[in-house]
Amino acid sequence: MQKHAPFAPFVEITPSAAIDAERHGWRAKCLQRLIRIEMPVPRTVALPADTVRAIAAGQMPDIDRLAALFDGRLVAVRSSPANPDWGGPGTVLNIGMNEASHARLRHELGEDWADALYLRFVQSYAIHVARLDPDMFAAAPSAHALAAALAAYEAEMDEPFPQSVGEQLGGVLRSMARAWEGTTARLLRQAKGAPADAALGLVVQEMVLERGPGLSGRGTIQLIEGVTGAPQVTGRFTAVAEADPAAAQILYLLRDPRGPSLEEVAPAAFARLQDYCRRCREKLREEMQVEFALEDGALRVIDAIRVPRSARATVRVAVSLAQDGIIPREEAILRVPPRALSELLHFQVDPRAPRDRIAAGIAASPGAAAGRIVFTAADAQAAAARDEKCVLVRRETSPEDIRGMHAAVAVLTERGGITSHAAVIARGLGLPCIVGASDITLDPRERALVTKDGRTLREGDVITIDGTSGEVLAGQAEMLEPALDEWFRTLLDWADAVRDIGVRANADTPDDARTARMFAADGIGLCRTEHMFFEDDRLTVMREMIFADTTRDRKVALDQLLPMQRDDFVALFEIMAGLPVCIRLFDPPLHEFLPSDREGMRELAESLDRPLSEVMRRIEALSEFNPMLGMRGVRLGVTIPEIYEMQARAIFEATVEVARRGAAVVPEVMIPLVSARREVELVKNRIDAVAAAVRTASGVAFGYRLGVMVETPRAALRAGEIVQNAEFLSFGTNDLTQMTYGLSRDDAGRFMGDYVRQGVYPEDPFHVLDEDGVGELLLIGARRGRQMRPDVTLSVCGEHGGNPTSIAFCRRLGFDYVSCSPFRVPVARLAAAHFALTEPRDDEKDKEIP
């Protein structure tokens, strides 16, 4: 005996019905809106989430009363979760087909039509409700297929196919309700952002049979193109022949020389459909794809969904709706997910084109590019000299590979994580990059890579790197060009008008600076000067400085580097045109500038005119067990002060030169890897002396700001002391995360996926800032720094600076700006605007902390 639910179990959708998107789902609410704007929607009944939960638990509503609302017409059941992105069980059509309705429809529609409708329902019910083997119910419509399907059902279930409409409808509702509660379905929707307790509504809708002497069929229509967002009537219409249900003709929507179109065959219906789409845009404030049916020439609207679209179409639609006064600008900003902008900044693989995937890894830098495989930086440079596009494939990259990365169009590494060397440099250069591609096995000696499915690709073979999806594709994939168009620029102009935290760029070269200006960064938040020394002409001089036996010899080499550094800074200052430029003094250990292989050591010995044995001994002496925690950063500045003195002189002389050309510059000088106040005092004294000497020699007065890069936990804890000699604190969250966790960002990719899957960490802490651990150090450092020096500037300059979640955290703490790779600046600008519109900014500056 059926148990009946104690609450109102269902409601017919009318203009005034109490339909709620949270309880009845998005589809029920959308259908009500379509009815309200006078679209011809078939009779529809909505079952709320509490009814569906009760059905899953075996507590059925009054099914007979529900079925009676449709007066013997066939019905369909569709899922209606609160959010369409969460998916749901598939639609079941033709419910109500039984022997009686089959006989009636044979008389009304003909035998073939009635048989086809009945067969489709039997097949669907057997597979989705009775859960029988799909292979047993895969026959195409024919004279004997219906009888065979009914017989197979009875043989498997030991009972005839259900003839009661109530039993059929109840079985479908129960099956869909329980499918939603299944483990697989729950995990799939949670991966799309649904909460664990996400509810499902269902809608029961009268079927449109799409049959009659007049034009009949089913189709969809939308008024924009889904990839670009440009105005374009798009869709399809399948016309069904009256005599033969298996005979269908695809009609174009618009007039087309290739064949008949709906516009020609049924101009009045076509005009009404366009009007319906325009009504949706104006009244529902969205570009909608309308699903419709024609039954003997009569037009019915079955459903409407938000037009599926790419990121570039999302931007264009949001801006267009705001420009037309349909939505406010603030809503247009919020409609575009910040991460979606990454797809607009680079070439992308065309989603409409076929893909031959050969491997996958971590999508470390967005965009797509195709080129011939090379396995060394030297080969990449040689390919670039031949004007030949290449993809640099390495187990992992090192600073020695930077020139090869500059020459390549994309980078692929077998190892590494989201903040590995390859990932960080690729994002800075705007190169598509995939790291941690464990599906491939490299054989550098044979100059080949082997994929998981056994394919071997050799040097010179063409592959495509899709850094947006993390997929490696065989051959040259079809591409979409970047979309830095008027819609993109307009959206970001609106975002800048509301955001309340600055966004700077990490820029190491003039090209980086130009990219930063192109994306309207507020300045340079991190210029890593060591990257300037890897050019061929400078690397030799740098190595001479490292091998110098005396301070005097070291100064001779540094004097050669001085004009090169000065020219670099002049170029940066001129490109940034008065915007702030924060220059980090030399940071990496010296051994990174030395070769690691015997051939490279031999070449170095020749260039320095020294015995190979001496070169090898010196390189061995400079090597460290843990270079990340060794002789680097401020420790070099304290023990080999000539390096920082040369860099300071280059900065200040560049400042003077630019000032003489009429541009005002106040450079920001940042000391890396600080852990103690005395380190800052020692370096500050020397830099102040260099500044005074340059002022005296040039006769030009200038100012500068000195600050500290907070990368060690101790620096964050002792920020109150350190800030006494620093005007700004810039938190380098890459190294700060490494030191807080005791993890190498280059190696963490090997196990981080397992850690996240097993719940050890909620996210990769190198990708999303760890607010509980590393974030607490930021909070402590910010509060203690501002307690001692209220006017201190606070910022984040690690890769987290471009992550929307991390930006929100920094903003809540009252940070002044974030700094990220140039190609992440637009993402950060939009994310900052989102948070300004949706979250109040906490005033954390004056709160005390022990």
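What comes next is a walk through the structure. (Residues numbered from 1 in each chain as written. Predicted model: local features only at pLDDT ≥ 70, side-chain atom pairs only at ≥ 80, totals over all residues. Heavy atoms only, no water.)

Moving on, we get to the overall build of the protein chain. Per the secondary structure count, the protein chain includes 33 helices and 31 strands. Each of the three principal axes of the protein chain carries a C-alpha extent, and together these read 105 × 60 × 55 Å. Expressed as a percentage of the 850 residues in the protein chain, the buried residues total 55%. Put simply, 68% of the contacts in the protein chain that link residues at least 6 apart link residues at least 24 apart. Per element, the accessible surface of the protein chain, about 35,400 Å² overall, is 49% carbon and sulfur. (Helix = DSSP H or I, 4+ residues; strand = E, 2+ residues; numbered from the N terminus. Buried < 20%, exposed > 50% of the residue type's maximum accessible area, 1.4 Å probe, protein only. Contact = heavy atoms within 4.5 Å. Areas by Shrake-Rupley, 256 points an atom, 1.4 Å probe, with all protein chains shown as cover.)

Below, the discussion takes up the pattern of salt bridges. It is possible for side chains of opposite charge to pair when their charged atoms get near one another. Evaluated as defined, the whole model comprises 65 salt bridges. Taking the shortest distance from any N to any O, the salt bridge between Arg357 and Glu471 comes out at 3.6 Å. With Arg357 in strand β12 (residues 357–360) and Glu471 in strand β22 (residues 471–474), this residue pair connects regions lying 114 residues apart in the sequence. Judged by its relative accessible area of 47%, Arg357 is partly exposed. Put simply, Arg285, Glu286, Arg306, Arg309, Glu331 and Arg335 are held in one network by salt bridges that share partners. (Salt bridge = Lys/Arg side-chain N within 4 Å of Asp/Glu carboxyl O.)

Moving on to helix α19 (residues 510–518). Residues that lie three or four places apart on an α-helix share one face, since the helix turns once every 3.6 residues. Taken residue by residue, α19 has Asp512, Ala513, Thr515 and Ala516 as its buried positions. Seen from one end, α19 has its buried residues packed into an arc of 160 degrees, which puts them on one side. What points out from α19, more than 90 degrees from its buried face, is the exposed set Asp511 and Met518. Buried-residue contacts for α19 involve α17 (421–429), β24 (502–506), β25 (524–528) and α21 (551–576). Within two residues after α19, Ala520 carries a phi angle of roughly 60 degrees, on the positive side. (Arc of directions from axis to C-beta.)

This paragraph deals with helix α15 (residues 377–385). Of the positions making up α15, those classed as buried are Ala377, Ala380 and Ala383. Buried residues of α15, seen end-on, are gathered within an arc of 120 degrees and therefore sit on one face of the element. Every exposed residue of α15 that faces more than 90 degrees away from the buried side is listed here: Ala378 and Ala385. Contacts from the buried residues of α15 go to β14 (368–374), β15 (390–394) and α16 (402–407).

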